[in-house]
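# Structural overview for review
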Amino acid sequence: MKLEGKTALITGAASGIGLATARLFVEEGAHVAIVGRDAAKLDAVRAELGERIVTIQADVRHVDDMQRMQDVVKQTFGALDVFFANAGVAFSTPLDGTTPEQYDTLMDINVKGVFLSMQSVTPVLRDGASVILNTSWLNQVGTPGLSLLSASKAAVRSLARTWSSELLSRRIRVNAVSPGATDTPIHARGGASAEQVAQAKQKIASRIPVGHLGAPEDIARAALFLASDDSRYMLGAEIVVDGGFSAL
Ligand SMILES: NC(=O)c1ccc[n+]([C@@H]2O[C@H](COP(=O)([O-])OP(=O)(O)OC[C@H]3O[C@@H](n4cnc5c(N)ncnc54)[C@H](OP(=O)(O)O)[C@@H]3O)[C@@H](O)[C@H]2O)c1
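Residues numbered from 1 in each chain as written. Predicted model: local features only at pLDDT ≥ 70, side-chain atom pairs only at ≥ 80, totals over all residues. Heavy atoms only, no water.

Quick note on the threshold: UniProt positions are given in the numbering used here, feature names are shortened, and annotations may be inferred rather than shown by experiment.
Under the annotation held in an unreviewed UniProt entry, the chain carries the name Short-chain dehydrogenase and is attributed to Pandoraea aquatica. Turning to the chain, the UniProt annotation filed under Sequence similarities (unreviewed entry) states: "Belongs to the short-chain dehydrogenases/reductases (SDR) family."

### Re the overall build of the chain
Condition: Helix and strand definitions here come from DSSP, where helices need a minimum of 4 consecutive H or I residues and strands a minimum of 2 consecutive E residues; each element is numbered from the N-terminal end. C-alpha atoms define the radius of gyration, and 2.2 Å times the number of residues to the power 0.38 defines the globule rule.
Secondary structure summary: the chain contains seven helices and seven strands in total. Starting at the N terminus and walking to the C terminus, you meet the elements of the chain as β-α-β-α-β-α-β-α-β-α-β-α-α-β. Taking 2.2 N^0.38 as the reference for a compact globule, 248 residues should give roughly 18 Å; the C-alpha atoms of the chain span a radius of gyration of 17 Å, in line with that estimate. Each of the three principal axes of the chain carries a C-alpha extent, and together these read 45 × 35 × 35 Å.

### Here we look at the sheet that holds strand 7 (residues 238-241)
This is how it is decided: Whether two strands pair depends on DSSP finding at least two bridges between them. Comment: axis = line fitted to C-alpha atoms, over the contacting stretch for helices; angle = value between 0 and 180 degrees taken between N-to-C directions. In what follows, a contact means two residues having at least one pair of non-hydrogen atoms within 4.5 Å.
Taken together, the seven strands give an open sheet; going across it, the order is 3-2-1-4-5-6-7, and neighbouring strands pair in parallel fashion. The outermost strands of the open sheet, each flanked by one partner alone, are strand 3 (53-57) and strand 7. Within this sheet the neighbouring strands show an average axis-to-axis angle of 15°, counted without direction. Alignment of strand 2 (residues 31-36) against strand 3, held across five bridges, turns out to be parallel. Residue pairing across strands places Ile34 opposite Thr55, the latter belonging to strand 3. Lying over the sheet, helix 2 (residues 39-49) contacts strand 2 and strand 3, oriented at roughly 180° with respect to strand 3. Its contacts with the sheet put helix 5 (residues 147-166) on strand 5 (125-134), strand 6 (173-179) and strand 7, and the angle it makes with strand 6 is roughly 160°.

### Here's the deal with the site of the ligand
Spelled out, the test is: In these notes, residues near a molecule or strand are those with any non-hydrogen atom within 4 Å of it. In the analysis that follows, any N or O atom pair within 3.5 Å is treated as a polar contact, provided that within protein one partner can donate a hydrogen and the other can accept it, and provided that, for residues neighboring in sequence, both atoms belong to side chains. To measure how exposed things are, a 1.4 Å probe is used in the Shrake-Rupley method; for residues, cover is taken only from the protein chains shown. Amino acids outside the nonpolar list (Ala, Val, Leu, Ile, Met, Phe, Trp, Tyr, Cys, Pro) and the charged list (Asp, Glu, Lys, Arg) are all regarded as polar, and Gly is one of them.
Taken together, 30 residues are adjacent to the ligand, and Ser15, Ile17, Asn86, Thr184 and Arg189 come closest. A distance of 2.8 Å separates an oxygen atom of the ligand from a polar backbone atom of Asn86. At a separation of 2.6 Å, an oxygen atom of the ligand approaches a polar side-chain atom of Arg189. For the ligand, whose accessible area on its own is 880 Å², the fraction buried by protein is 95%. Of the residues in the shell around the ligand, the class split is 10 nonpolar, 13 polar and seven charged.

### Focus on the pattern of salt bridges
Inclusion rule: Whenever a carboxyl oxygen of Asp or Glu lies within 4 Å of a side-chain nitrogen of Lys or Arg, that contact is scored as a salt bridge.
Scanning the entire structure with this criterion turns up eight salt bridges. The salt bridge partner of Glu48 is Arg23, with a shortest N-O separation of 2.6 Å. Here Glu48, found in helix 2, pairs with Arg23, found in helix 1 (residues 16-27); they are 25 residues apart in sequence, far enough to count as distant. Across the salt bridge formed by Arg157 and Glu238, the nearest N and O atoms sit 2.8 Å from each other. Here Glu238 lies in strand 7 and Arg157 lies in helix 5, a separation of 81 residues in the sequence.

### Thoughts on the environment of Asp218
Note the following rule: Classification of residues uses two cut-offs on accessible area relative to the type maximum, computed with a 1.4 Å probe and protein chains only: under 20% is buried, over 50% is exposed, and between them is partly exposed.
Mapped onto the secondary structure, Asp218 falls in helix 7 (residues 216-227). Judged by relative accessible area, Asp218 falls into the partly exposed class, the value being 34%. Spatially, the C-alpha atom of Asp218 lies 8.9 Å from that of Ala20, the residues being 198 residues apart in sequence.

### Points about the nonpolar core
We apply this condition: As used in this record, nonpolar core signifies buried Ala, Val, Leu, Ile, Met, Phe, Trp, Tyr and Cys residues forming a set joined through side-chain atoms within 4.5 Å.
Counting 33 residues, the largest nonpolar core has Leu9, Ile56, Met118, Val121, Leu125, Leu133 and Val174 as its most contacted members. Among the elements of the structure, strand 2, strand 3, helix 3 (63-76), strand 4 (80-85), helix 4 (100-121), strand 5, helix 5 and strand 6 are those that each provide at least two residues to this core. Excluding its chain neighbours within four sequence positions, the residues that come into contact with Val174 are Met118, Val131, Leu133, Ala160, Trp163, Ser164, Leu167, Leu235, Gly236 and Ala237.

### So, the packing of helix 1 against helix 2
Counted only if it meets this: Convention used here: angles under 35 degrees read as roughly parallel, angles over 145 as roughly antiparallel, angles from 65 to 115 as roughly perpendicular, and any remaining angle as oblique. Left-handed describes a crossing whose near helix is turned anticlockwise from the far helix by less than a right angle; the clockwise case is right-handed.
The N-to-C vectors of helix 1 and helix 2 enclose an angle of 30°; their axes lie 11 Å apart at closest approach. When the interaxial angle is binned, helix 1 and helix 2 end up roughly parallel. At the point where helix 1 passes helix 2, the crossing takes the right-handed sense. On helix 2, the residues touching Leu19, Ala22, Arg23 and Val26 of helix 1 are Val45, Glu48 and Leu49. Its residues assigned to classes, the contact of helix 1 with helix 2 shows five nonpolar, no polar and two charged.

Given below as structure tokens:
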């Protein structure tokens, strides 16, 4: 097992990529603290995955919540071997019609939330710990209507480089995982009907070289590699897991 006896914290772990990663980390022997805003969803994950899961209801945008998150980690684990900053949202923000409130929501969750959660865990990270930031294939390309989502993920990509450098003396490695279109609940959160979501996914799939969206488990496997000693010589790097979308 690759994470036997290790402790991990994953934000946004009640669904999608975060949940798949929590499952895999538990299978690989880790104790995992999962963070999200919905207590019922977190409880359901604990019911499924068992006693090695600790739930923390918190919003990554709020300093008080992040302080409480640090307190719980200290009390339950003492220190962290792995932190996966995964919580995020995705919606389109065309120049025409996007409101300042939508700007704040997207940037506050996707960028400020990553910053505040990292600030809160840094004191409890063990020397030699691994931090994984969830960015997106969008950080490298221009897609109409997705300026803020793409810019937020480019910021996250940049944080992996800077924090690796800032935490070098503690041997803490910060890397990014960059999913392509992945089949998770995120695509249905904008209020579109099930049929519209299915059509949108089909359209995206037709543009992906392998012909289908990624599974959350595909990203979880990359996160496991970055979390474990298998990636011990990697820092400030990015693993793209996108079915060839951004490369072919
Ligand atoms: N799916 C894709 O195609 C894709 C592609 C590239 C990158 N990504 C990135 O992958 C990450 C995970 O997304 P996903 O696809 O797995 O979608 P998801 O199932 O919607 O997962 C996002 C999680 O983040 C949590 N979250 C959102 N806002 C939060 C906040 N303010 N505080 C705490 N938790 C919050 C959500 O839980 P609650 O709402 O219950 O709090 C949810 O569990 C995101 O950063 C996303 O940008 C996804």
